[in-house]
Number of protein chains: 2
Amino acid sequence: MLSDKVIERLSLYHCILQDCLNAGEEFISSAQIALLLKVDDSQVRKDIALCAVQGRAKIGYNALDLKLAIEHLLGFKNNKRIFIVGAGNLGFALSKYDDFKDYGLDVVALFDNDPLKFGMKVNNKEVYDIQKLPKLSEQMGVETVILTVPRSKAQEVTDFLVKSNIHYIWNFTQSVLKVPPNVSVHYENLISHFLLLKN
Amino acid sequence: MLSDKVIERLSLYHCILQDCLNAGEEFISSAQIALLLKVDDSQVRKDIALCAVQGRAKIGYNALDLKLAIEHLLGFKNNKRIFIVGAGNLGFALSKYDDFKDYGLDVVALFDNDPLKFGMKVNNKEVYDIQKLPKLSEQMGVETVILTVPRSKAQEVTDFLVKSNIHYIWNFTQSVLKVPPNVSVHYENLISHFLLLKN
């Protein structure tokens, strides 16, 4: 099991490798990566060792090999189907965020409780009545949601999702959710991330 | 200086305290907080000790006192003016994200290079020609931006921001940015956060 920090760093190395390949560069050194991220070179080498890719002295790592190894280690190529619950501004923006697709993350539908939104299409994804979620979740084999409802509705909607066999909630609301032990929540607490910027 | 993890946890305690106060509850124990976040009770007590708020045996902490202490420690009440660079879907969504205001985070303007967007207003914030950013940054004393431009433009725009005396970049693009030592970047790498959900 990889630590949170290792996953975050490997994801950033992956971005660097993609930029490197886009620029037509075949090799990259740990020192170059370390410099870009302002982290320690030895840390970068330690992380890369997890990918079982060998570097060559004075040349560095083959960027494509390392990129593929990170994708394998982090499971980028595993298809991950996901629902967005809450078809507001943020829900719409995330459904249009095409970068997700490069990582196997596939938003297949949106849900809301506002009848005016039912049937709307955003980026080829349809907005459904949230009452249809349990059935569609079963049919499509989706057990992961992005939660972007208003804070005041977050727990009520979560209770409904738990009953509907959703097991993973990526929570973009500012509410801390009560869930049973078999449900995981990841808090996308944007405010705390902003604070990290100035820390 | 607080560690990243402490800042993230304190921000989540703050959310819990707000929910608690909204529900009319005056006191909360570290065990209740620990249970909600599925972390260790001793960890919660250690974090709260940083806020210099005393709990009472069998009653817990006064929720309002603790909430105010966290706000003070994390600087929530300091007004933080910020620009959004890139008036696309995500830029618009973040400019409409009113939760930011509760934490002193004030989006004052958006910038883009598309003339069709100049003068548009989103949530009472105007979209300006990015060429006007250096002057407005100086006039308004803003040195922090949310970067939501396309990945392929991220470095070029960053170079321009650095020349325009921007010192903090909250980077929502999937690009790793080259910046001089006096500029900080926080990577909002949504993909790695998604991976944490299933880890």
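Residues numbered from 1 in each chain as written. Chains lettered and ligands numbered in written order. Predicted model: local features only at pLDDT ≥ 70, side-chain atom pairs only at ≥ 80, totals over all residues. Heavy atoms only, no water.

### Let's talk about the overall build of chain A
Here comes step 1: Tallying secondary structure elements over chain A gives 8 helices and 9 strands in all.
Here comes step 2: Taking the principal axes of the C-alpha coordinates as reference, chain A spans close to 60 × 35 × 30 Å.
Here comes step 3: Sorting the 199 residues of chain A into buried and exposed places 51% on the buried side.
Here comes step 4: A separation of at least 24 residues holds for 55% of the contacts in chain A among residues at least 6 apart in sequence.
Here comes step 5: Chain A carries 23 positive and 23 negative side-chain charges, and their two centres are separated by 2 Å. (Helix = DSSP H or I, 4+ residues; strand = E, 2+ residues; numbered from the N terminus. Buried < 20%, exposed > 50% of the residue type's maximum accessible area, 1.4 Å probe, protein only. Contact = heavy atoms within 4.5 Å. Lys, Arg positive; Asp, Glu negative; His and termini not counted. Charge placed at Lys NZ, Arg CZ, Asp CG, Glu CD.)

### Thoughts on the sheet that holds strand 7 (residues 144-147) of chain A
Here comes step 1: Read from one edge to the other, the open sheet built from 7 strands follows the order 5-6-4-3-7-8-9 (chain A), with strand pairing classed as mixed. Looking at strand neighbours, the two that pair on one side only are strand 5 (121-122) and strand 9 (184-187) of chain A, the edges of this open sheet.
Here comes step 2: Of the strands in this sheet, strand 3 (80-85), strand 4 (105-112) and strand 6 (125-129) of chain A are in contact with helix 6 (residues 133-140) of chain A, which crosses strand 3 of chain A at around 170°.
Here comes step 3: With respect to the sheet, helix 8 (residues 190-197) of chain B is in contact with strand 3, strand 4, strand 7, strand 8 (168-171) and strand 9 of chain A, its orientation differing from that of strand 8 of chain A by roughly 145°. (Pairing = 2+ DSSP bridges. Axes fitted to C-alpha atoms, helices over the stretch in contact; angles between N-to-C directions.)

### A closer look at the environment of Tyr61 of chain B
Residues and elements named next belong to chain B.
Here comes step 1: Relative to the elements of secondary structure, Tyr61 occurs in strand 2 (residues 61-62).
Here comes step 2: Spatially, the C-alpha atoms of Tyr61 and His193 are 31 Å apart, while their sequence positions differ by 132 residues.
Here comes step 3: For Tyr61, the residues in contact, after removing those within four places along its chain, are Glu26, Phe27, Ile28, Ser30, Arg45, Ile48, Val53, Gln54, Gly55 and Leu66.

### Concerning the side chain of Gln174 of chain A
Here comes step 1: Relative to the assigned elements, Gln174 of chain A resides in the loop between strand 8 and strand 9.
Here comes step 2: Side chain to side chain, Gln174 of chain A and Tyr97 of chain B meet in a polar contact 3.3 Å long.
Here comes step 3: Not counting residues up to four positions away in its chain, the partners in contact with Gln174 of chain A are Arg151, Asn189, Leu190 and Ile191 of chain A together with Cys15, Tyr97, Asp99 and Tyr103 of chain B. (Polar contact = N/O pair within 3.5 Å; in protein donor to acceptor, adjacent residues only side chain to side chain.)

### Side note on the interface of chain B and chain A
Here comes step 1: With 60 residues of chain B at the contact, the number on the chain A side is 60 residues.
Here comes step 2: Summing both partners gives a buried area of about 5,800 Å² for chain B against chain A, and 67% of it is carried by carbon and sulfur.
Here comes step 3: Of all residues in chain B, Val176, Phe194 and Leu197 of chain B give up the largest surface area on contact with chain A, accounting jointly for 12% of the area buried on that side.
Here comes step 4: Asp4 of chain B is the partner of Lys5 of chain A in a salt bridge, and the nearest nitrogen-oxygen pair spans 2.9 Å.
Here comes step 5: Elements that contribute at least two residues to the side of chain B that touches chain A include exactly helix 1 (4-22), helix 2 (30-37), strand 3 (80-85), helix 5 (89-95), strand 8 (168-171), strand 9 (184-187) and helix 8 of chain B.
Here comes step 6: A total of 10 residues in the side of chain B that touches chain A trace back to one element, the largest contributor, which is helix 1 of chain B.
Here comes step 7: Taken together, the residues of the side of chain B that touches chain A break down into 36 nonpolar, 12 polar and 12 charged. (Buried area = accessible area lost by both parts, 1.4 Å probe. Salt bridge = Lys/Arg side-chain N within 4 Å of Asp/Glu carboxyl O. Nonpolar A, V, L, I, M, F, W, Y, C, P; charged D, E, K, R; others polar.)

### Describing helix 1 (residues 4-22) of chain A
Here comes step 1: The terminal C-alpha atoms of helix 1 of chain A, which comprises 19 residues, lie 27 Å apart, in line with the 27 Å expected from a rise of 1.5 Å per residue.
Here comes step 2: All of the buried residues along helix 1 of chain A are Val6, Ile7, Arg9, Leu10, Ser11, Leu12, Tyr13, His14, Cys15, Ile16, Leu17 and Cys20 of chain A.
Here comes step 3: Taken together, the buried residues of helix 1 of chain A touch strand 1 (27-28), helix 2 (30-37), helix 3 (41-49) and helix 4 (63-74) of chain A together with strand 9 and helix 8 of chain B.
Here comes step 4: Just beyond helix 1 of chain A, the residue with positive phi is Gly24 of chain A, at close to 80°. (Expected span 1.5 Å × (residues − 1).)

### Some points on the nonpolar core
Here comes step 1: Among the nonpolar cores identified, the biggest contains 141 residues, and Phe100 and Trp170 of chain A together with Phe100 and Trp170 of chain B are the most heavily contacted of them.
Here comes step 2: If we ignore the near neighbours within four places in the chain, the residues touching Trp170 of chain B are Leu190, His193, Phe194 and Leu197 of chain A together with Ile82, Phe100, Leu105, Val145, Ile146, Leu147, His186 and Glu188 of chain B. (Core = buried A, V, L, I, M, F, W, Y, C linked by side-chain atoms within 4.5 Å.)

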